[in-house]
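Structural overview
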Amino acid sequence: IGVSHVHVYNVDLHSKEMQDALQAFREEDFITRHDWSDKASGGYTTRKTYEHAKWAAQTDCALRTRGIYDFALFSDIDEVAVGPSGSKTKYPDGHLAPAIDMCQEAWKNRKKV
């Protein structure tokens, strides 16, 4: 779908196996990992609710990437991006391309999606 970079806000997956799995992507500058642990956040990510921590991570990411990318997708681990069904396009149902095309067209015309 044209993803050029991913920011990972890591709250509690700090095992060696997880770090090793992400290392290849970091070496290609595809992933930026942010330590969002209790220690790194001064307790914010565990002292407050999950929604507070999620909001803070999304705000941090938006501010870090402002002016760098045209589009951003904020997603939790349990969310899956799926395109529309029943669209009369060359893409199969569920493909993200029609949704991306719609965003691109709205961006060109400076309309809201």
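Since we're looking at a predicted model, the values are computed, not measured. (Residues numbered from 1 in each chain as written. Predicted model: local features only at pLDDT ≥ 70, side-chain atom pairs only at ≥ 80, totals over all residues. Heavy atoms only, no water.)

Once that is clear, we can look at the overall build of the chain. When you go through the chain residue by residue, the secondary structure sums to four helices and two strands. Mapped in sequence order, the helices and strands of the chain form the string β-α-β-α-α-α. Burial status across the chain gives 20% buried among its 113 residues. Here the analysis covers contacts within the chain between residues at least 6 apart in sequence; of these, 43% occur between residues at least 24 apart. Carbon and sulfur atoms make up 56% of the accessible area of the chain, which amounts to about 8,700 Å² in all. (Helix = DSSP H or I, 4+ residues; strand = E, 2+ residues; numbered from the N terminus. Buried < 20%, exposed > 50% of the residue type's maximum accessible area, 1.4 Å probe, protein only. Contact = heavy atoms within 4.5 Å. Areas by Shrake-Rupley, 256 points an atom, 1.4 Å probe, with all protein chains shown as cover.)

Attention now moves to the pattern of salt bridges. Throughout the structure, instances matching the rule amount to two salt bridges. In this structure, Asp60 engages Arg64 in a salt bridge whose closest nitrogen and oxygen atoms are separated by 2.5 Å. One end of the pair, Asp60, and the other, Arg64, are both in helix α3 (residues 50-65), four residues apart, so they sit about a helical turn from each other. (Salt bridge = Lys/Arg side-chain N within 4 Å of Asp/Glu carboxyl O.)

Next up on the list: the packing of aromatic side chains. Under the counting rule described, the total for this entry stands at two aromatic pairs. For the pair Tyr9 and Trp36, a centre-to-centre distance of 4.9 Å together with 90 degrees between the ring planes defines the contact as edge-to-face. One end of the pair, Tyr9, is in strand β1 (residues 6-10); the other, Trp36, is in the loop between β2 (31-35) and α2 (44-47), with 27 residues separating them in the sequence. Note on Tyr9: relative accessible area 17%, which makes it buried. Taking the centre distance of 6.1 Å and the plane angle of 50 degrees together, the rings of Phe25 and Phe30 count as tilted. (Phe/Tyr/Trp six-rings, centres within 6.5 Å; stacked < 30°, edge-to-face > 60°.)

A few words on helix α1 (residues 16-27). Here α1 is twelve residues long and its end C-alpha atoms lie 16 Å apart, about the 16 Å a rise of 1.5 Å per residue gives. Note on α1: the residue one or two positions beyond its end, Asp29, has a positive phi of about 55 degrees. (Expected span 1.5 Å × (residues − 1).)

Once that is clear, we can look at α3. Compared with an ideal rise of 1.5 Å per residue, which puts 16 residues at 22 Å, α3 spans 22 Å between its outermost C-alpha atoms and is within 8% of the ideal. Along α3, the residues classified as buried are Ala53, Ala56, Ala57, Asp60, Cys61 and Thr65. All buried residues of α3 lie within an arc of 145 degrees about the axis, which places them on one face of the element. Facing away from the buried side of α3 by over 90 degrees, the exposed positions are Trp55 and Leu63. In the core, the buried residues of α3 are packed alongside β1 and α2. Gly67, located one to two residues past α3, shows a positive phi value of around 85 degrees. (Arc of directions from axis to C-beta.)

What follows deals with the confidence of the model for the chain. Residues of the chain with pLDDT of at least 70 account for 84%, and the chain-wide mean is 77. At the level of individual helices and strands, the chain shows its lowest average pLDDT in helix α4 (residues 97-109), which scores 75, and its highest in β2, which scores 86. (pLDDT = per-residue confidence, 0-100.)

Core analysis: the largest hydrophobic core is formed by five residues, namely Tyr9, Trp36, Ala56, Ala57 and Cys61. Broken down by element, this core gets its largest block of residues, three residues, from α3. If we ignore the near neighbours within four places in the chain, the residues touching Cys61 are His7, Tyr9 and Phe74. (Core = buried A, V, L, I, M, F, W, Y, C linked by side-chain atoms within 4.5 Å.)

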